[in-house]
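Structural overview for review
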Amino acid sequence: MPKVLAPLLGALLSLSSLTALAAPAQESRAVAGLAAPAEIRVDTWGIPHIYAGSVRDAFFLQGYNVARDRLWQIDLWRKRGLGLLSKDFGPTYVAQDRAARLFLYRGDMAKEWAAYGPGAEANTAAWVAGVNAFVDEITAGKRPLPLEFRIAGSAPDRWSAEDVVRIRSHGLTRNVPNEVGRAHIACKAGLPAARLYRFIEPKWTTQIPEGLDPCAIPADVLADYQLAGAGVKFAGPPEQRAALEVPPEAIGSNNWTVSGSRTATGRPILANDPHREHGAPSLRYIVHLNAPGFSVIGAGEPALPGVSIGHNDKIAFGLTIFPVDQEDLYVYETKPGDPDQYRYGDGWEAMTVVKDAIPVKGEAAPRPVELRFTRHGPVLKTTEAKAFAIRTVWSQPGTSAYFGSTGYMQAQDWKGFKAALAGWGAPSENQAYADTSGHIGWVAAGMVPARPNWDGLLPVPGDGRYEWKGFLAPDQLPSQADPKQGWFASANQMNLPKTYPYAERKVGFEWSNAARFSRINEVLAAKPKLTVADAMALQTDPYDITSRRLIALLTPLTSDEPRLASALDMLRRWNHRTAVDSPAAALFEVWTGKHLGRAVVAATTPEEARTIIGNGDLAAVMELLEHPDATLPAAARDAVLKASLLAAADELSARLGPDPKGWAWGRLHQARFEHALTPLADAALAPSLAAGPTPMAGTSLSPMAATWRPGDFRVIAGASFRMVLDVGVWDNSVTINTPGQSGNPESPHYRDLFPKWVKGDYVPLLYSRPAVEAATETVISLTPAP
């Protein structure tokens, strides 16, 4: 169970324990654009609680406050998304700017705003006005330029409301890389060779679409796609992460909602911990917004108004990715002598060519660039006779990532929550729900293309034979209200109901490994009366349920080789918890993460495809190991198991010494949050930009998600934000962000939460005014500037 700090116990048991805090610091500010006096109370853990005289002013101050705490982060997000990096940082970023501009929303803005429901445009305009007010204070010399801008030699820009929703490239996280990888495997070794590449669920046999030559797909066809979605790398060319190598478990989440019939208090409990790539500042920001008739608290994207995970006075909400297929790669034949025309139907169709200009620091004139689009979307690459474009839901109105939460965060009941999600576009999500009346529920929400004649698992010809027939209606996606078992949980696993007509509604076939969900479901089933503390313990549970299945395969094996015999015995005696002091956890993770899959692929897959498949998808590898066939008979399987386990033991001996008593998972597996600007900081400053390293439990397949990279075992993704809500008695709720709430390295809240997060500790998520006042560290009193 996580350790509960004294301040947390005080909040959970009695507000009186918080009254002994020192009197809060006082600040006064006159802010241009604020309509009426207001107040921001920053609590002990850096969480801002905004009290405004109107909803408009609440959103205005959310923008003003996030600029106060996270200006560098949101400014960089905007510049990356709009393709404006070169303006501040020079010609190194021209290619990344051009790639980002390919994915901007270019449709009708009236339709875009209308898709999010009433108030979306006005609230965003207010939020942007708040950001700009803070930027203007810096420009006028009333506030110091934040440290990060001084390091980078840049300055913050002013925003427009359209900037917030036009950026789409931060949401490109779906299966086009897998389509390309599968095509390359089919070209080199035949499509059956892809069976270990990704685990397909529900059971399905894909085929090469008629008219597709898989060998026509260039190796670098996704260079612009990857560059558009990449983070910003300083002191060198922008990083082009190989999307095919990013494990699907790295970007996901856990959530569950439990009925009062299954809790100790009789009230629902809702828990959520979204998993993202780790870095400083955190990718989530916690905020509390209050105005007459409006009060909501939780976490959201720092550069978006509102919150997407949290609660208002009546309902609680949390989300995990529902990994449906929202994109396709189209392959075109281009016209000889005119590569800007592509075959469509019985004729040729002209690409739309957009001439753009990218301003570049140090250059007198902007650099001209051309962006090409087909009827399906942006052109990623052209060759002598082919063109390649991507079609995504992101080009549709209403698909700015997570922005749809502006609708449901003010819902008051299940009916209103579902209605608000009817227009949710992207990313597709498992939306968990609970309310103060005792109801719980789940809605799978998002735009899902209707593909009548193919499955989305491979690229398709763009000549008109493979067209989306609109999108599935909201009632064609699964949902559930007050489930009989008393809870609902999701962890990005395949959760289509058994009776779902998936052959007709091809929602998707590539889901995350079910291990996290299986463990969560097992624990919830065994807890007839769940508590908030139980939910906290489950979010930070390092149990890897996959190990039970794999160790069962090892149980009957023996060896005369002492090192292998010792390794077999160590795993058979293990308790399946990937604790920092566990030698067996280190052995198991090195085995399954680096050696087992690669050995199975080598034993069963044509050599030409092995590099693409790599370690394979562990779920697909386990399916073959548990059901050996002609490609890997039982005897050969056992030999692969033993040889790969011995290789893992040898690697551990080389890394940690030959004595297994000195092995420990935490000696390898360490968390460290790095700031993008670290390469530009001097030696004295650089350490203050980072948090860690420190040993950490968990793996990508345990509820305590902690994905690591093979080269150095560094934790690269997992839960940065966690939340457990006691629905209706909101002050009993808890949360944690990491490394801290602030993005300013000079703030005491920049990395103060990191030690707590690593240990599995939480802080209170206070909601009532008396509780907030008792825990206030700083009061910022704001008045309209004359």
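Residues numbered from 1 in each chain as written. Predicted model: local features only at pLDDT ≥ 70, side-chain atom pairs only at ≥ 80, totals over all residues. Heavy atoms only, no water.

Counting its regular elements, the protein chain contains 23 helices and 29 strands. Here the C-alpha atoms of the protein chain give a radius of gyration of 26 Å, agreeing with the 28 Å that 2.2 N^0.38 yields for 786 residues. Structurally, the protein chain occupies a C-alpha span of about 80 × 70 × 55 Å along its principal axes. The buried share of the protein chain, taken over its 786 residues, is 60%. When contacts within the protein chain are restricted to residue pairs at least 6 apart in sequence, long-range pairs at least 24 apart make up 73% of them. Accessible area of the protein chain: about 28,100 Å², with a carbon and sulfur share of 54%. (Helix = DSSP H or I, 4+ residues; strand = E, 2+ residues; numbered from the N terminus. Rg over C-alpha atoms; globule rule 2.2 N^0.38 Å. Buried < 20%, exposed > 50% of the residue type's maximum accessible area, 1.4 Å probe, protein only. Contact = heavy atoms within 4.5 Å. Areas by Shrake-Rupley, 256 points an atom, 1.4 Å probe, with all protein chains shown as cover.)

Next up on the list: the packing of helix 15 (residues 546-554) against helix 19 (residues 618-626). Axis separation between helix 15 and helix 19 bottoms out at 11 Å; the angle between their running directions is 35 degrees. Like other packed secondary-structure pairs, helix 15 and helix 19 cross with a definite hand, here left-handed. Between helix 15 and helix 19, the contacting residues are Thr546, Arg549, Leu550 and Leu553 on the first element and Leu618, Met622, Leu625 and Glu626 on the second. Split by residue class, the contact of helix 15 with helix 19 holds 5 nonpolar, 1 polar and 2 charged. (Axes fitted to C-alpha atoms, helices over the stretch in contact; angles between N-to-C directions. Left-handed = near helix turned anticlockwise from the far one by under 90°. Nonpolar A, V, L, I, M, F, W, Y, C, P; charged D, E, K, R; others polar.)

With that settled, the discussion passes to the pairing of strand 26 (residues 722-726). In terms of burial, strand 26 is a largely internal element, 5 of the 5 residues being buried. Of the two faces of strand 26, both are covered, the one formed by Arg722, Val724 and Asp726 as well as the one formed by Met723 and Leu725. Here strand 5 (residues 269-277) runs beside strand 26; their pairing, made up of 4 bridges, is antiparallel. Counterpart to Leu270 in the pairing with strand 26 is Leu725. Relative to strand 27 (residues 734-736), strand 26 runs antiparallel, the two sharing 3 bridges. Residue pairing for strand 27: Val724 is matched across the bridge by Val734. (Pairing = 2+ DSSP bridges.)

Between side chains of opposite charge, pairing is possible as soon as their charged atoms come close. Tallied over the full model, the rule gives 48 salt bridges. Notably, a salt bridge pairs Asp57 with Arg56, separated by 2.9 Å at the nearest N-O pair. Taking the relative accessible area as the measure of exposure, Asp57 reaches 0% and is therefore buried. Overall, Arg56 belongs to the partly exposed group, its relative accessible area being 34%. Ionic contacts of the salt-bridge type, sharing partners, join the residues Asp75, Arg78, Lys79, Lys87, Asp88, Asp157 and Asp163 into one network. (Salt bridge = Lys/Arg side-chain N within 4 Å of Asp/Glu carboxyl O.)

On to the nonpolar core. Within the largest apolar cluster, 212 residues are counted, with the highest numbers of intra-cluster contacts made by Phe417, Leu571, Leu587 and Trp591. Residue contributions to this core peak at 13 residues, all from helix 2 (residues 55-82). Contact partners of Leu587, with chain neighbours within four places excluded, come to Ala567, Met570, Leu571, Leu645, Ala648, Ala649, Leu652 and Trp663. Among the nonpolar cores identified, the runner-up in size contains 18 residues, and Trp256, Val258, Leu530 and Val724 belong to it. (Core = buried A, V, L, I, M, F, W, Y, C linked by side-chain atoms within 4.5 Å.)

Between its first and last C-alpha atoms helix 6 (residues 120-139) spans 28 Å; for 20 residues at 1.5 Å apiece the expected length is 28 Å, and the two agree. Across the 20 residues that make up helix 6, a large majority, 14, are buried. At the C-terminal side of helix 6, Gly141 shows a positive phi close to 85 degrees. (Expected span 1.5 Å × (residues − 1).)

Moving on, we get to the environment of Lys506. Mapped onto the elements, Lys506 comes out in the loop between strand 21 (487-490) and helix 13 (515-526). With a relative accessible area of 11%, Lys506 lands in the buried category. For Lys506 and Val448, which are 58 residues apart along the polypeptide, the C-alpha to C-alpha distance reads 8.6 Å. Setting aside residues no more than four positions away along its own chain, Lys506 makes contact with Trp204, Arg451, Pro452, Trp454 and Asp455. Polar side-chain contacts of Lys506 include one of 3.2 Å to the backbone oxygen of Arg451. (Polar contact = N/O pair within 3.5 Å; in protein donor to acceptor, adjacent residues only side chain to side chain.)

On to unusual backbone geometry. Across the chain, the bulk of peptide bonds are trans and the bulk of non-glycine residues have phi less than zero. With an omega dihedral of 5 degrees, the bond running from Gly692 to Pro693 counts as a cis peptide bond. Residue placement: Pro693 occurs in strand 23 (residues 691-695). Between Thr738 and the following residue, Pro739, the backbone shows a cis peptide bond with an omega angle of 0 degrees. Within the element layout of this structure, Pro739 appears in the loop between strand 27 and helix 22 (754-759). Positive phi, normally seen in glycine, also occurs at Asn492, with a value near 70 degrees. Relative to the helices and strands, Asn492 is located in the loop between strand 21 and helix 13. A positive phi is found at Phe713, a non-glycine position, where the angle reads about 65 degrees. For Phe713, the position within the fold is in the loop between strand 24 (706-708) and strand 25 (714-719). Taking the relative accessible area as the measure of exposure, Phe713 reaches 0% and is therefore buried.

On the basis of which strands lie adjacent, the open sheet formed by 11 strands has the order 1-29-2-3-6-7-8-9-17-18-20 and mixed pairing. Because the sheet does not close on itself, it has two edges, and the strands there are strand 1 (25-31) and strand 20 (479-481). Averaged over neighbouring strand pairs, the angle between their axes works out to 15 degrees when direction is ignored. Relative to strand 17 (residues 429-435), strand 9 (residues 315-321) runs antiparallel, the two sharing 7 bridges. Directly across from Ile321, in strand 17, lies its bridge partner Glu429. Relative to the sheet, helix 2 contacts strand 1, strand 2 (38-43), strand 3 (48-51), strand 6 (285-291), strand 7 (294-300) and strand 29 (776-784), its axis offset from that of strand 6 by approximately 155 degrees.

Right, let's talk about the confidence of the model for the protein chain for a bit. Looking at the protein chain as a whole, its pLDDT mean stands at 94, while 95% of the residues score no less than 70. Below a pLDDT of 50 lies the segment residues 1-20, which in the model reaches 42 contacts outside its immediate sequence neighbourhood of four places, other chains included. Low pLDDT (under 50) marks residues 240-246, which in the prediction has 13 contacts with non-local residues, meaning those over four places away or in another chain. (pLDDT = per-residue confidence, 0-100.)

This brings us to helix 12 (residues 414-421). Listed in full, the buried residues belonging to helix 12 are Trp414, Phe417 and Leu421. Down the axis of helix 12, the buried side of the element spans an arc of 65 degrees, and every buried residue falls inside it. Turned more than 90 degrees off the buried face of helix 12, the exposed positions are Lys415 and Ala419. Packing partners of the buried residues in helix 12 comprise strand 9, helix 11 (405-408), strand 17, strand 18 (440-445) and strand 20. (Arc of directions from axis to C-beta.)

The next thing to look at is the packing of aromatic side chains. Evaluation of the coordinates by the stated rule reveals 36 aromatic pairs. Taken together, a centroid distance of 5.3 Å and an interplanar angle of 40 degrees make the contact between Trp574 and Phe588 tilted. With a gap of 14 residues between them, Trp574 in the loop between helix 16 (562-572) and helix 17 (583-604) and Phe588 in helix 17 connect regions that are remote in the sequence. Taken as a pair, Trp574 and Phe588 share a single burial class, namely buried. The structure contains a cluster of three or more aromatic residues connected by ring pairs, namely Phe317, Tyr408, Trp414, Phe417, Trp424 and Tyr433. Across the ring face of Trp348, the terminal group of Arg343 is positioned such that the distance to the ring centre comes to 4.2 Å. The aromatic ring of Tyr51 is capped on one face by Arg769, whose charged end is 4.0 Å from the ring centroid. (Phe/Tyr/Trp six-rings, centres within 6.5 Å; stacked < 30°, edge-to-face > 60°. Lys NZ or Arg CZ within 6 Å of the ring centre and 35° of its normal.)

As a further point, take the environment of Lys233. With respect to the helices, strands and loops of the structure, Lys233 is situated in the loop between helix 10 (223-229) and strand 4 (252-258). Judged by relative accessible area, which is 39%, Lys233 ranks as partly exposed. The sequence separation of Lys233 and Ala676 amounts to 443 residues, and the corresponding C-alpha distance is 6.3 Å.

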